[in-house]
Amino acid sequence: QVQLVESGGGLVQPGGSLRLSCAASGAIFSIERMGWYRQAPGRQRDLVATITNDERTNYADSVKGRSTISKDNAKNTWYLEMNSLKPEDTAVYYCHADITNGGRIWGQGTQVTVSS
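The model shown is predicted, which means the values in this text are computed figures rather than measured ones.

Calculation rules
- Residues numbered from 1 in each chain as written.
- Predicted model: local features only at pLDDT ≥ 70, side-chain atom pairs only at ≥ 80, totals over all residues.
- Heavy atoms only, no water.
- Helix = DSSP H or I, 4+ residues; strand = E, 2+ residues; numbered from the N terminus.
- Buried < 20%, exposed > 50% of the residue type's maximum accessible area, 1.4 Å probe, protein only.
- Contact = heavy atoms within 4.5 Å.
- Areas by Shrake-Rupley, 256 points an atom, 1.4 Å probe, with all protein chains shown as cover.
- Lys, Arg positive; Asp, Glu negative; His and termini not counted.
- Charge placed at Lys NZ, Arg CZ, Asp CG, Glu CD.
- Pairing = 2+ DSSP bridges.
- Axes fitted to C-alpha atoms, helices over the stretch in contact; angles between N-to-C directions.
- Core = buried A, V, L, I, M, F, W, Y, C linked by side-chain atoms within 4.5 Å.
- Salt bridge = Lys/Arg side-chain N within 4 Å of Asp/Glu carboxyl O.

1. Examining the overall build of the protein chain
Across its full length, the protein chain holds zero helices and eleven strands. Going from the N terminus to the C terminus, the protein chain shows its helices and strands as β-β-β-β-β-β-β-β-β-β-β. Here the C-alpha coordinates of the protein chain stretch approximately 40 × 25 × 25 Å along the principal axes. Considering the protein chain as a whole, with its 116 residues, one finds that 44% of them fall into the buried category. Considering only intrachain contacts with a sequence separation of at least 6, the fraction spanning at least 24 residues in the protein chain is 53%. In the structure as shown, the protein chain presents an accessible area of about 6,100 Å², 46% of it carried by carbon and sulfur atoms. Across the protein chain, 12 positive and 11 negative side-chain charges occur, with their mean positions spaced 2 Å apart.

2. Quick notes on the sheet that holds strand β8 (residues 77-82)
Spatially, β1-β3-β8-β7 is the arrangement adopted by the four strands of the open sheet, whose pairing is antiparallel. On the outer flanks of this sheet lie β1 (2-7) and β7 (67-72), each paired with one strand and no other. For this sheet the average axis-to-axis angle between neighbouring strands, irrespective of direction, equals 15°. Judged from the six bridges that link them, β7 and β8 form a sheet pairing that is antiparallel. Looking at the pairing, D72 lines up with T77 of β8.

3. Some details on the nonpolar core
Nonpolar side chains tend to gather and get buried jointly when the protein is soluble and globular. Grouped together as the largest cluster of nonpolar side chains are 30 residues, with contacts concentrated most on L4, I31, W36, W78, L80 and Y93. Contributing elements (two or more residues each) for this core: β1, β3 (18-26), β4 (31-39), β5 (46-52), β8, β9 (91-99) and β11 (110-114). Counting residues per element, this core draws most heavily on β9, which supplies five residues.

4. Topic: the pairing of β7
Alternating positions in β7 separate cleanly, S67, I69 and K71 being buried on one face and T68, S70 and D72 remaining unburied on the opposite face. Hairpin remark: β7 followed by β8, antiparallel, with four residues in the connecting loop; positive phi at N76, about 50°.

5. Details of the pattern of salt bridges
Any two side chains of opposite charge can pair if their charged atoms end up close together. One pass over the full model with this rule turns up seven salt bridges. A salt bridge links R66 to D89; the nearest nitrogen and oxygen atoms lie 2.8 Å apart. One end of the pair, R66, is in the loop between β6 (57-59) and β7; the other, D89, is in the loop between β8 and β9, and 23 residues separate them in sequence. D89 gets classed as buried once you look at its relative accessible area, which sits at 0%.

Structure representation (structure tokens):
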């Protein structure tokens, strides 16, 4: 089994930056792709960014150009850096890991609030 622990959320001013972290433990070898989704109040959970084991990345149009997803294999951790934050980026951010049997593991979520 894979366990995910997120960190790095909080209150950020518009135009600011943040970095979210997701640390994985357990059956790390089974992870094929990892990434981030977000869910704003009253809305569905939407893709933010993903990265595969061979470093292929994918971004939602809403964050493309101001976000970077990366991973540190030695630490079993992946990151989401976001710049030029907007109030509409406010959401609970969930990291996820897609594993070899087709399953998806979710982190517990971390709140990001963009407000002055």
